[in-house]
Amino acid sequence: MPFSTGFEAFVRSDEPLYLHTWLHIGGPAEFFATPRDRDELKSVVTRAAEQGLTVRLLGGGSNILVRDEGVKGVVVRLDAPAFAEISTIGDVVRAGGGAKLGHVMSEAVAHGLAGLESLVGIPGTIGGALRLNAGTRSGDIGQWTKRATVMNRAGEIIEHERPDLVFAYRQSSLDELVILEAEFELESENPEELSKRMQKQWIVRKAGQPLGHQCAGQVFRNPRGMSAGMLIDQAGLKGHRVGAAEVSDRHANFIIADPNCPSRDVIELIELIRERVQDRLGVELETDIEIW
Ligand SMILES: Cc1cc2nc3c(=O)[nH]c(=O)nc-3n(C[C@H](O)[C@H](O)[C@H](O)COP(=O)(O)OP(=O)(O)OC[C@H]3O[C@@H](n4cnc5c(N)ncnc54)[C@H](O)[C@@H]3O)c2cc1C
């Protein structure tokens, strides 16, 4: 049976992924699924497994670079309302894997709950943030995570409580196929002071990173005790270009893609940066952005 049969309401073929990624570049997904509830999601996941198709999860697409030739198999995006619900009970905020991190932060701050505001300015969804343990110098999402609900490749739903959850720099133990939902246990604080603190942190971040620039991607992990941006700057690469891709002159760990930039320009620029930093400074940089 063709993969899409019976799934016409929520699966499209050859969907251009540049429409769904932060860098606004990249080729199509063979199948693009936006299930409306957990049952539809399970049907997609199990049929893909039966047909030997690879399934990838796409959140806000802020940490993904899609190659020009696109991707085979199924790309799933949890943008239906059922996957983006946010609610608060006491000092616990519960959010769907497709909820935007910024919306969850605003909900927490509005209820006078502190913790997640340290992530202000990080784009993307709860699912992407948990998979990568998104964070800043002031903290990461993992430290506030109390519980997570996931779906595995067999379509089974599993609950993980705090003792099973392990988070480290840009890593988490949440490596099942889909992060469906999570709960964050936060700390009560005066909402006005909290809101002021978040605004201050936002201003500081905005000044130091090309956040207003939609076509930017943060590229490398920070090597232990060092800043990837600083190393790239020391290697003399701020503003360096390959075709339509450029190292940001505001923060060297970001690449800016001009309109119509092919992904191969960004990939070549990433390779050039890696080689130059290794040659000049003897440090091996590891990519943070995922290349599909
Ligand atoms: C301007 C800019 C600033 C940034 N600043 C920071 C920063 O300060 N700190 C930081 O940590 N990161 C930062 N990032 C990187 C990125 O925004 C974060 O890693 C973010 O958490 C990724 O979320 P996303 O929803 O966009 O995930 P995506 O990029 O869509 O996906 C990232 C990974 O998560 C997986 N994934 C997504 N959703 C799910 C799900 N529901 N279930 C299972 N897996 C899923 C994907 O398969 C992929 O492996 C920045 C990026 C940009 C462009």
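Small disclaimer: the values here were computed from a predicted structure and weren't measured. Position numbers for residues count from 1 along each chain, tracking the sequence in the order it is written. With pLDDT at 70 or above as the cut-off, local features in this predicted model cover only qualifying residues; side-chain atom pairs require 80 or more to be listed or tallied, and sums for whole chains, interfaces and linings still use all residues. As a convention, hydrogens and water are excluded, and side-chain values are obtained from all of the structure's heavy atoms.

**Points about the packing of aromatic side chains**
Working step 1: Ring pairs are drawn from Phe, Tyr and Trp, using the six-membered ring of Trp, whenever the two centres fall within 6.5 Å, and their geometry is named by plane angle: stacked under 30 degrees, edge-to-face over 60, tilted for the rest. According to the stated counting rule, one finds three aromatic pairs in the structure shown.
Working step 2: Plain terms: the ring middles of Phe 7 and Phe 10 are 5.2 Å apart, the flat faces sit at 35° to each other, and that makes the pair tilted.
Working step 3: On the accessibility criterion, Phe 7 (6% relative accessible area) is buried.
Working step 4: The rings of Phe 3, Phe 7, Phe 10 and Phe 31 are connected pair by pair, giving a single aromatic cluster.
Working step 5: Here, a charge over a ring means that NZ of Lys or CZ of Arg falls within 6 Å of the ring centre while also lying within 35 degrees of the ring normal. Over the face of the ring belonging to Phe 7 we find Arg 47, whose NZ or CZ atom lies 4.0 Å from the ring centre.
Working step 6: We note Arg 56 situated over the ring of Trp 292; from NZ or CZ to the ring centre the distance is 5.5 Å. For every residue, the accessible area (1.4 Å probe, protein chains only) is compared with the maximum for its type, and the residue is labelled buried under 20%, exposed over 50%, or partly exposed between those bounds.

**Comments concerning the site of the ligand**
Working step 1: By convention in this text, a residue qualifies as near a molecule or strand provided that one of its non-hydrogen atoms is within 4 Å of it. Every one of the 32 residues lining the ligand counts as a neighbour, but Leu 57, Ser 62, Asn 63, Arg 170 and Glu 290 are closest to it.
Working step 2: Thr 125 is positioned with one of its side-chain polar atoms (N or O) 2.7 Å from an oxygen atom of the ligand.
Working step 3: Contacts described as polar in this section are N or O atom pairs within 3.5 Å, which, within protein, must combine one atom able to donate a hydrogen with one able to accept it, while residues neighboring in sequence count only if both atoms come from side chains. The contact in question runs from a nitrogen atom of the ligand to an N or O atom on the backbone of Ile 179, over 2.8 Å.
Working step 4: Considered on its own, the ligand offers 980 Å² of accessible surface; in the complex 97% of this is hidden by protein.
Working step 5: Only DSSP runs of H or I reaching four residues or more are called helices, and only runs of E reaching two or more are called strands; each is numbered from the N terminus. Broken down by secondary-structure element, the contributors of at least two residues to the shell around the ligand are β3 (55-58), α3 (126-131), β15 (178-185) and β17 (216-218).
Working step 6: The element contributing the most residues to the shell around the ligand is α3, with four residues.
Working step 7: The residue makeup of the shell around the ligand, split by class, is 16 nonpolar, twelve polar and four charged. Here, Shrake-Rupley sampling with a 1.4 Å probe gives the accessible areas, and only protein chains in the shown set may cover a residue. Classification convention: Asp, Glu, Lys, Arg as charged; Ala, Val, Leu, Ile, Met, Phe, Trp, Tyr, Cys, Pro as nonpolar; all other residues, Gly among them, as polar.

**Examining helix α6 (residues 263-281)**
Working step 1: To estimate how far a helix should reach, multiply one less than its number of residues by 1.5 Å. In this model, α6 (19 residues) spans 27 Å end to end at C-alpha, consistent with the 27 Å of a helix rising 1.5 Å per residue.
Working step 2: Every buried residue belonging to α6 is among Ser 263, Asp 265, Val 266, Leu 269, Ile 270, Ile 273 and Val 277, and all of these are buried. The buried residues of α6 all sit within an arc of 155° when viewed along its axis, so they share a single face. In α6, the exposed positions that point more than 90 degrees away from the buried face belong to Arg 264 and Asp 279.
Working step 3: Residues of α6 that are buried in the fold lie against β4 (64-65), α5 (228-234), β18 (241-242), β19 (245-247), β20 (254-257) and β21 (290-291).
Working step 4: Immediately downstream of α6, the backbone of Gly 282 shows phi near 70°, a positive value. Here the arc refers to the set of directions running from the helix axis out to each C-beta atom. Note on contacts: a residue pair qualifies if any of its non-hydrogen atoms lie within 4.5 Å across the two residues.

**Quick notes on the side chain of Asn 63**
Working step 1: Looking at the element boundaries, Asn 63 is found in the loop between β3 and β4.
Working step 2: From its side chain, Asn 63 meets the backbone oxygen of Asp 288 in a polar contact 3.1 Å long.
Working step 3: Residue contacts for Asn 63: discarding those within four places in its chain leaves Leu 132, Arg 170, Gln 218, Asp 288, Ile 289 and Glu 290.

**Describing the domain arrangement of the chain**
Working step 1: Where a domain begins and ends is set by an automatic assignment or by a domain database. Assigned domains of the chain: these are domain 1 (11-80), domain 2 (84-207) and domain 3 (210-291).
Working step 2: One C-alpha centre belongs to domain 1, the other to domain 3; they are set 26 Å apart.
Working step 3: Between domain 1 and domain 3, the residue contacts involve eleven residues of the former and 19 residues of the latter.
Working step 4: Between domain 1 and domain 3, roughly 1300 Å² of surface is buried when both sides are summed, and carbon and sulfur atoms account for 55% of that area.
Working step 5: The term salt bridge refers to a pairing of a side-chain nitrogen on Lys or Arg with a carboxyl oxygen on Asp or Glu at a separation within 4 Å. Where domain 1 touches domain 3, the interface holds one salt bridge.
Working step 6: With a shortest N-O distance of 3.7 Å, Arg 264 and Asp 68 are connected by a salt bridge.
Working step 7: For the interface between domain 1 and domain 3, the tally reads six residue pairs in polar contact (both at pLDDT 80 or more).
Working step 8: Taken together, the residues of the side of domain 1 that touches domain 3 break down into six nonpolar, three polar and two charged. By buried area we mean the combined loss of accessible area, with a 1.4 Å probe, across both parts when two parts are placed together.

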